[in-house]
Amino acid sequence: MHKLQSVTRMPLSCSMFLCQRHIQMLRKFPIQKVAAIHTTNRCLDLNEFFDEHKNWGASEVKVGRAWKKEELRLKSSSDLHKLWYVLLKEQNMLLTMEHDCKENHVYFPNPERLDKVQDSMENLEDVIRERNIAYFELETTHTGERPAELIDNAFGLKEVYTKTEYDIPKEVNKVWQEKNPPVNNKSRAVQKFLVLLREKLANRRYAQLAKDKQQVARIFANFKDVDAEAVQEKFPNVDVEEVRLSDKARGNWAP
Amino acid sequence: MRFTSVLYRRVRKYVAADQVGELTKTYSNLPDRYINRVMRQVYHVYPKGPQYTKVDQGKDDHFVFGPERPWEYEFLKRNNPADYSRKFKPPPLIEPIKNWNIFKGDRVEILVGKDKGKQGIVLQIFQEINSVIVEGLNTYLRDMNQGEGNKFVIKQEAPLLVNREVALVDPSDLLGCEVEWRYTEEGDKVRVSKRTGRIIPIPKAAYETIDFKTPTSYKENPNKDTKEADVMEVTFKPSLSTFEMDIMKEQNIEENRIPVKSFWY
């Protein structure tokens, strides 16, 4: 009951943007007619999942850009720790508001706010990883990250295999050995598959190259005095000079 | 060496947003992640795992651009995946350009059409289709009929190709000219008229964005934005500890146990 009192602080006109369950709660518990001193205190309840009142139904909520890595590198570990939770709360709030707007068929203003917050969180994690890697490389000569290995999988293809931590070595671990039987990726069947796969990929490459050549020829035929260097920059795999002199690249004008 | 080259190769993170012009992005102040999400029409991202299908992770990356922003409704309509006829249309030809010479706020002369020879100010730039919109020129009448009863027609500017249908105006003699990029003695890159050799400065409007005219004139949102002084404050002090060690020290958590030897495979 105590927690729900803060819900009633909201004016009823805003309730149209709340979810159905919220409205039911509002009806269940009558509004208190108490007008105490109004201070901008922090509300530590479910209301923190929602935006400020004045942003409800707003057409635009202008905000700045995401945190850059250069700026995050200036901050101490405890600051980054605090900032992470600020960003996490903001992300939760935005996801709630987005869901709420979708349910009520209302426009969600500035949806790029969510991406800005997520970009900041990604950058923050990267900065922390940088610092930890620097420490571990200095102390133990290897990055303290989860080890990975480049292996050939059962189909003979390259794959990054991320390792897992165990308390007993591989040779003794019977359960792991049963789950991971040795694979023979040098067998005749695998070799045949690889040959066919390479052929398929090569054919796809040739088709793409032919498409690009056709596109280059169309460009030369349609635009007079086009900059050949710019075309070469855009199509690095095509021999532009050869295509330019070909018959397909001739435009409908006197040379 | 081969191992690291595989792990650290540059991955194109936002394939769709890479196709959008740099001028469009800087004007809009939108992050790449958002542009990518809107263009590919991603409405829900599934978690990673073999049990999830990858069908609805986003639409194809072959986009057709037009005189609109890639996050606007017109663009989504143009690239509607349900439109079957889209499949049989050849992709529109777009001429590759090496240097972009014309910016927002420039005075240009029109070389084609009914307004040939007239001069005007560049209002908008659509870098993806190599075109600009000049204020009040090269217009057509657009029928904006919305049902019966309210018929009205507006004058709309049609886009003009930046390298063929429009020429930059030389401020010394107010005539159209060809432009070249050169370096000054200070090392600044400037536009120079080929005919008169005069420097054509880039207008201030070129640096405007949708949120602010200059970065200093941006008004902070007091409830959302971090203040600039707080951002630039240096609180990092180098010490021989990891992030986790710092936090444990701050919260008075002592950890003296020595971990048992483990095996990674």
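Scroll up to find the structure this text is about.
Remember, it's a predicted structure, so these values are computed and weren't measured experimentally.

What counts, and where the lines are drawn
Residues numbered from 1 in each chain as written. Chains lettered and ligands numbered in written order. Predicted model: local features only at pLDDT ≥ 70, side-chain atom pairs only at ≥ 80, totals over all residues. Heavy atoms only, no water. Helix = DSSP H or I, 4+ residues; strand = E, 2+ residues; numbered from the N terminus. Buried < 20%, exposed > 50% of the residue type's maximum accessible area, 1.4 Å probe, protein only. Contact = heavy atoms within 4.5 Å. Areas by Shrake-Rupley, 256 points an atom, 1.4 Å probe, with all protein chains shown as cover. Buried area = accessible area lost by both parts, 1.4 Å probe. Salt bridge = Lys/Arg side-chain N within 4 Å of Asp/Glu carboxyl O. Polar contact = N/O pair within 3.5 Å; in protein donor to acceptor, adjacent residues only side chain to side chain. Phe/Tyr/Trp six-rings, centres within 6.5 Å; stacked < 30°, edge-to-face > 60°. Pairing = 2+ DSSP bridges. Expected span 1.5 Å × (residues − 1). Patch = residues over 30% accessible without salt bridge, like charges linked within 9 Å, V, L, I, M, F, W, Y side chains within 5 Å. Lys, Arg positive; Asp, Glu negative; His and termini not counted. Charge placed at Lys NZ, Arg CZ, Asp CG, Glu CD. Core = buried A, V, L, I, M, F, W, Y, C linked by side-chain atoms within 4.5 Å. Axes fitted to C-alpha atoms, helices over the stretch in contact; angles between N-to-C directions. Parallel < 35°, antiparallel > 145°, perpendicular 65-115°, else oblique. Nonpolar A, V, L, I, M, F, W, Y, C, P; charged D, E, K, R; others polar.

Here's the deal with the overall build of chain B
Phase 1 of the analysis: The number of helices and strands found in chain B is six helices and twelve strands.
Phase 2 of the analysis: In chain B, buried positions account for 31% of the 265 residues.
Phase 3 of the analysis: Of the contacts formed within chain B by residues at least 6 apart in sequence, a portion of 46% connects residues at least 24 apart.
Phase 4 of the analysis: As displayed, chain B has an accessible area near 18300 Å², and 54% of this comes from carbon and sulfur atoms.

Section: the interface of chain B and chain A
Phase 1 of the analysis: Between chain B and chain A, the residue contacts involve 51 residues of the former and 69 residues of the latter.
Phase 2 of the analysis: For the pairing of chain B and chain A, the buried interface totals around 5100 Å² over both sides, and the portion due to carbon and sulfur atoms is 58%.
Phase 3 of the analysis: If you sort the residues of chain B by the area they bury against chain A, B:Leu93, B:Trp264 and B:Tyr265 come out on top, with a joint share of 18%.
Phase 4 of the analysis: Applying the counting criterion to the chain B and chain A interface returns seven salt bridges.
Phase 5 of the analysis: Measuring nitrogen to oxygen at the nearest pair gives 2.7 Å for the salt bridge that ties A:Glu122 to B:Arg33.
Phase 6 of the analysis: The tally of links from chain B across to chain A stands at 28 residue pairs in polar contact (both at pLDDT 80 or more).
Phase 7 of the analysis: Counting residues per element, the ones that place at least two in the side of chain B that touches chain A are α1 (2–7), α3 (32–39), α5 (228–232), α6 (243–250) and β12 (263–264) of chain B.
Phase 8 of the analysis: Sort the elements by how many residues they give to the side of chain B that touches chain A and α6(B) lands first, with six residues.

Considerations on the packing of aromatic side chains
Phase 1 of the analysis: On inspection of all chains with the given rule, the structure shows ten aromatic pairs over all chains.
Phase 2 of the analysis: Ring geometry for A:Tyr135 against A:Phe136: centres 5.4 Å apart, planes inclined by 80 degrees, an arrangement best described as edge-to-face.
Phase 3 of the analysis: Following the ring pairs from residue to residue traces out a cluster consisting of A:Tyr166, A:Trp176 and B:Tyr265.

Structural notes on the side chain of B:Asn130
Residue and element names in this part refer to chain B.
Phase 1 of the analysis: Within the element layout of this structure, Asn-130 appears in the loop between β2 (119–126) and β3 (131–134).
Phase 2 of the analysis: Given the relative accessible area of 8%, Asn-130 is considered buried.
Phase 3 of the analysis: Look past the residues within four positions of Asn-130 in its chain and what remains in contact with it is Ile-94, Glu-95, Ile-97, Trp-100, Leu-160, Leu-161 and Val-162.

A short note on the sheet that holds strand β10 (residues 189–193) of chain B
Strand pairing within a sheet occurs via backbone hydrogen bonds; the two strands may be parallel or antiparallel.
Phase 1 of the analysis: Pairing is antiparallel across the open sheet formed by three strands, whose spatial order is β9-β10-β11 (chain B). Looking at strand neighbours, the two that pair on one side only are β9 (179–183) and β11 (199–200) of chain B, the edges of this open sheet.

Comments concerning the pattern of salt bridges
Residue and element names in this part refer to chain A.
Phase 1 of the analysis: Summed over the entire model, instances satisfying the criterion amount to 27 salt bridges over all chains.
Phase 2 of the analysis: Ionic pairing is found between Arg-113 and Asp-51, a salt bridge with its closest N-O pair at 3.5 Å. Taken together, the residues Arg-113 in helix α4 (residues 112–140) and Asp-51 in the loop between α1 (20–28) and α2 (69–72) connect sequence positions 62 residues apart. We note that Arg-113, like Asp-51, is buried.

Some details on the sheet that holds strand β8 (residues 175–177) of chain B
All names here are of chain B.
Phase 1 of the analysis: Pairing in this open sheet of six strands is antiparallel, and the strands run β6-β3-β2-β1-β7-β8 from one edge to the other. The open sheet has two edge strands, β6 (160–161) and β8, and neither has a second partner.
Phase 2 of the analysis: Pairing analysis gives three bridges linking strand β1 (residues 107–110) to strand β7 (residues 166–170), with the strands arranged antiparallel. The partner of Ile-110 across the bridge, within β7, is Val-166.

A look at α4(A)
Phase 1 of the analysis: Along its 29 residues, α4(A) runs 41 Å from first to last C-alpha, staying within 8% of the 42 Å computed at 1.5 Å per residue.
Phase 2 of the analysis: Positioned one or two residues after α4(A), A:Thr141 has a phi angle of 65 degrees, which is positive.

Let's talk about unusual backbone geometry
Phase 1 of the analysis: Here B:Asn138, not a glycine, exhibits a phi torsion of approximately 55 degrees, which is positive.
Phase 2 of the analysis: We classify B:Asn138 as buried; its relative accessible area is 15%.

Focus on the pairing of β3(B)
A regular strand places its side chains on the two faces of the sheet in alternate fashion.
All names here are of chain B.
Phase 1 of the analysis: On β3, burial covers both faces: Ser-131 and Ile-133 on one face and Val-132 and Val-134 on the other are all buried.
Phase 2 of the analysis: Relative to β3, β2 runs antiparallel, the two being bridged by four bridges. By the bridge assignment for β3, Phe-126 is matched with Ser-131.
Phase 3 of the analysis: If you look at the hairpin formed by β2 and β3, you'll find four residues sitting between the two strands, and Asn-130 has a positive phi there, around 55 degrees.
Phase 4 of the analysis: In the sheet, β3 pairs with β6 via two bridges, with the strands oriented antiparallel.

Comments concerning a negative patch on the surface
Phase 1 of the analysis: Together, B:Glu220, B:Glu228, B:Asp230 and B:Glu233 line one region of the surface with negative charge.
Phase 2 of the analysis: Tracing the chain through its elements places B:Glu220 in the loop between β11 and α5.

As for the nonpolar core
Phase 1 of the analysis: Formed by 21 residues in total, the largest nonpolar core has its most connected members in A:Leu72, A:Leu80, A:Leu83, A:Leu87, A:Leu94, A:Met97 and A:Leu124.
Phase 2 of the analysis: Mapped onto this core, the elements with two or more residues apiece are α3 (77–103) and α4 of chain A together with α6 of chain B.
Phase 3 of the analysis: Element by element, the count of residues in this core is highest for α3(A), at seven residues.

A word on the packing of α3(A) against α6(B)
Phase 1 of the analysis: Contact pair α3(A) / α6(B): the axes reach a minimum separation of 9 Å and the direction vectors enclose 90 degrees. As summarised for this structure, α3(A) and α6(B) are arranged roughly perpendicular, according to the angle between their axes. Note on element contacts: α6(B) touches α3(A) through B:Phe243, B:Asp246, B:Ile247 and B:Glu250, opposite A:Ser77, A:Ser78, A:Leu80 and A:His81.
Phase 2 of the analysis: Looking at the contact of α3(A) with α6(B) residue by residue, the classes come out as three nonpolar, three polar and two charged.

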